[in-house]
Amino acid sequence: MRLTYPTWATIVLLAAASVGAQAPPPPPPADQRPAPAAAPAREPRPEETQFDAEAVQRGQELLVARCGFCHGSNARGGATGPDLTRSPMVQEDENGKQLGEFLKVGRPERNMPKFELTPQELTDLATFLHAAIYQIGNRGAYKILDILTGDARAGEAFFQGAGRCASCHSATGDLQGVGAKYEPATLQERMLMPRARRRRGPPGERPTPPWTEPNAVKATVTIPPAVSFTGVLVRLTDFDVTIYDPETKQMRSWLRKDDLPKVVLMDPLQAHMDMLRKWTDDDMRNVTAFLAGLK
Ligand code: HEC
Ligand code: HEC
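Now for a description of the structure that goes with this document. Keep in mind it's a predicted model, so treat the numbers as computed, not measured. (Residues numbered from 1 in each chain as written. Chains lettered and ligands numbered in written order. Predicted model: local features only at pLDDT ≥ 70, side-chain atom pairs only at ≥ 80, totals over all residues. Heavy atoms only, no water.)

## Here we look at the coordination of the iron atom of ligand 2
Operational definition: Coordinating donors are taken as N, O and S atoms within 2.8 Å of the metal, stretched to 3.2 Å for Na, K and Ca; because water is absent from the atoms, sites can appear incomplete. The rule is simple: four donors are tetrahedral if all their angles sit between 85 and 135 degrees, four are square planar and six octahedral if opposite donors span more than 155 degrees and the others lie between 65 and 115, and anything that fits none of that is irregular. Helix numbers and strand numbers start at the N terminus; a helix is a DSSP run of H or I with at least 4 residues, a strand a run of E with at least 2.
Looking at the metal site, the iron atom of ligand 2 is ligated by H169 (NE2) and H272 (NE2), spaced 1.9 Å from it. Given six donor atoms and angles of 86 to 179° at the metal, the environment of the iron atom of ligand 2 is assigned as octahedral. Of the two residues, H169 sits in the loop between α6 (152-160) and α7 (178-181) while H272 sits in helix α9 (residues 270-278), which places them 103 residues apart along the sequence.

Structure below.
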């Protein structure tokens, strides 16, 4: 048997392949951050509070569905994206014009994807963002509905039924108190990407190897005719495979040729990966509302 210790580059590649891009540490929660300098508290003037409530609501839904994953579902910053209410570009935007020009291009090199939005969607999004900025500058004078606009009962039905969440989770077992553990935006993020946050250690610390994670991808290697080994997948190419046995803390590697030995992978979070493509906005909102109620 040959022992291979793969390079960090390979590990990062593997990690990237299974979880999507690595994300930087999250910003502190909104309530611990200083109030935005550019939106100081002042007397609200009546004409300023005239945001079209329906446009605000549509804009918020769009933001939660398309941007919330990175910027937080209240736009106040999320796991990877900055607080949009403090962005000079957003603050200076006129009815979606500057925002639309920016979104057409994005900053793909810095993980800000580009978006093709219709003029209506842009106006809604801009109205929501301007209302959010206004709300921050005029606490109490204007209130946007919380992210929890979903229907918790419908969410529960989805959780127990069509979503098949209950095949792995239970509202009175592992997810008990999950609504108290995370604020809603984080909760939604965990639900969509349970693996993402795990990989990051404290800033400056060397990350723990991905194969020591509790939810790491497992691999079963079968040597013909019928001997098999199961462990955590460390490396898999056309030419070799390496697995790690958490009990003995040993790595085992085999050379491969013509797809032999056979390797079968099992990702404990596969169900979540699959859901990412299937969630409707409604289901996502409803389940978030349901889970947020599990205090
Ligand atoms: C995959 C994560 C991701 C998604 C989804 C995403 N963003 Fe971003 N966004 C980022 C990151 C990261 C940055 C910071 C880029 C940089 O450092 O220049 C950013 C920057 C921005 C900025 C510029 C802020 C500034 O002043 O520099 C705006 C505006 C913005 N995003 C709006 C949006 C909107 C609106 C959506 C949804 C339609 C969206 N983003 C979706 C990750 C994302
Ligand atoms: C095949 C099993 C499986 C299915 C189905 C599944 N999950 Fe999970 N889920 C997991 C695993 C494994 C984790 C990671 C648990 C951990 O790290 O503690 C997880 C994590 C989570 C978390 C984060 C918990 C935390 O404390 O951070 C939430 C929320 C969640 N799942 C919600 C759901 C919802 C909602 C559904 C249905 C749409 C669902 N899951 C379907 C296996 C599953």
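## With respect to the nonpolar core
The following threshold applies: Nonpolar core, defined: a set of buried Ala, Val, Leu, Ile, Met, Phe, Trp, Tyr and Cys residues in which side-chain atoms within 4.5 Å join the residues together. Throughout this description, buried means an accessible area under 20% of the type-specific maximum (1.4 Å probe, protein chains only), exposed means over 50%, and partly exposed covers the range between. The contact criterion used throughout is that any non-hydrogen atoms of two residues lie within 4.5 Å.
Counting 19 residues, the largest nonpolar core has L63, L103, L117, L125 and L129 as its most contacted members. Elements with a minimum of two residues in this core: α2 (53-71), α4 (97-105) and α5 (119-137). Of all the elements, α5 adds the most residues to this core, at six residues. What L63 contacts, discounting residues up to four positions off in sequence, is G68, G72, S73, N74, A75, L84, L125, F128 and L129. Listed in part, the 18 residues of the second largest apolar core include F158, L175, M275 and V287.

## Looking at the site of ligand 1
Counted only if it meets this: Whether a residue is near a molecule or strand is decided by its heavy atoms; if any one of them lies within 4 Å of it, the residue is near. Under this definition, polar contacts are N or O atom pairs within 3.5 Å; protein pairs additionally need one hydrogen-donor-capable and one acceptor-capable atom, and for neighbouring residues in sequence, both atoms have to be side-chain atoms. All amino acids are sorted into three groups, where Ala, Val, Leu, Ile, Met, Phe, Trp, Tyr, Cys and Pro are nonpolar, Asp, Glu, Lys and Arg are charged, and the leftover types, Gly among them, are polar.
Close to ligand 1 lie 20 residues, the nearest being C67, C70, H71, R107 and M112. Residue H71 places a side-chain N or O atom 2.8 Å away from a nitrogen atom belonging to ligand 1. Per-element tally for the shell around ligand 1: the top contributor is α2, with four residues. Its residues assigned to classes, the shell around ligand 1 comprises 13 nonpolar, four polar and three charged.

## Points about the sheet that holds strand β2 (residues 227-236)
Keep this limit in mind: We treat two strands as partners when DSSP finds at least two bridges between them. For every element, the axis is a line fit to its C-alpha atoms; helices are fit only across the contacting stretch, and the angle between N-to-C directions ranges from 0 to 180 degrees.
The five strands are arranged β4-β3-β2-β1-β5 in an open sheet whose pairing can be described as antiparallel. Of all strands in the sheet, those with a lone pairing partner are β4 (250-255) and β5 (262-266), marking the two edges. Each strand axis lies, on average, 40° off the axis of its neighbour in the sheet, ignoring direction. Relative to β2, strand β1 (residues 218-223) runs antiparallel, the two being bridged by six bridges. Along β2, the bridge assignment pairs V221 with F229.

## Things to note about the site of ligand 2
Around ligand 2 lies a shell of 22 residues, among which C165, C168, H169, Y182 and H272 are the nearest. Contacts to ligand 2 include R190, whose side-chain N or O atom sits 2.8 Å from an oxygen atom. One of the side-chain nitrogen or oxygen atoms of H272 is found 2.7 Å away from a nitrogen atom of ligand 2. Elements with a minimum of two residues in the shell around ligand 2: α8 (184-192), α9 and α10 (281-292). Of the residues forming the shell around ligand 2, the biggest block, three residues, is contributed by α9. Of the residues belonging to the shell around ligand 2, the class tally is 13 nonpolar, five polar and four charged.

## Thoughts on the packing of α6 against α10
This is how the line gets drawn: The cut-offs work like this: below 35 degrees is roughly parallel, past 145 is roughly antiparallel, 65 to 115 is roughly perpendicular, and the gaps in between are oblique.
α10 packs onto α6 with a crossing angle of 100° between their chain directions and a minimal axis gap of 7 Å. The orientation of α6 relative to α10 falls into the category roughly perpendicular. Every residue of α10 that contacts α6 at A152, A154, G155, E156, F158 and F159 is listed here: D283, N286, V287, A289, F290 and L291. When grouped by side-chain class, the residues that make up the contact of α6 with α10 number eight nonpolar, two polar and two charged.

## A look at the coordination of the iron atom of ligand 1
Only H71 (NE2) and M112 (SD) from the protein reach the iron atom of ligand 1 as donors, at distances of 2.0 Å. Given six donor atoms and angles of 84 to 179° at the metal, the environment of the iron atom of ligand 1 is assigned as octahedral. With H71 in helix α2 and M112 in the loop between α4 and α5, this pair connects stretches of sequence that are 41 residues apart. With respect to burial, H71 and M112 carry one shared label: buried.

## Focus: α6
Our working rule: Starting at the helix axis, one direction is taken to each C-beta atom, and the arc is that of these directions.
Of the positions making up α6, those classed as buried are G155, F158 and F159. Looking straight down α6, one finds that the buried residues subtend no more than 100° of arc, so they occupy a single side. Set apart from the buried face of α6 by more than 90 degrees, the exposed residues are R153 and A157. Buried positions along α6 lie against α9 and α10.

## Some words on the pattern of salt bridges
To keep it simple, the criterion reads: Take a side-chain nitrogen of Lys or Arg and a carboxyl oxygen of Asp or Glu: if they are within 4 Å of each other, that pair is a salt bridge.
Tallied over the full model, the rule gives five salt bridges. The closest approach of N and O atoms between R76 and D83, which form a salt bridge, is 3.4 Å. The exposure class of R76 is buried, given its relative accessible area of 15%. For D83, a relative accessible area of 10% gives the class buried. Salt-bridge contacts for R285 lead to D282; the nearest nitrogen and oxygen are separated by 2.6 Å.

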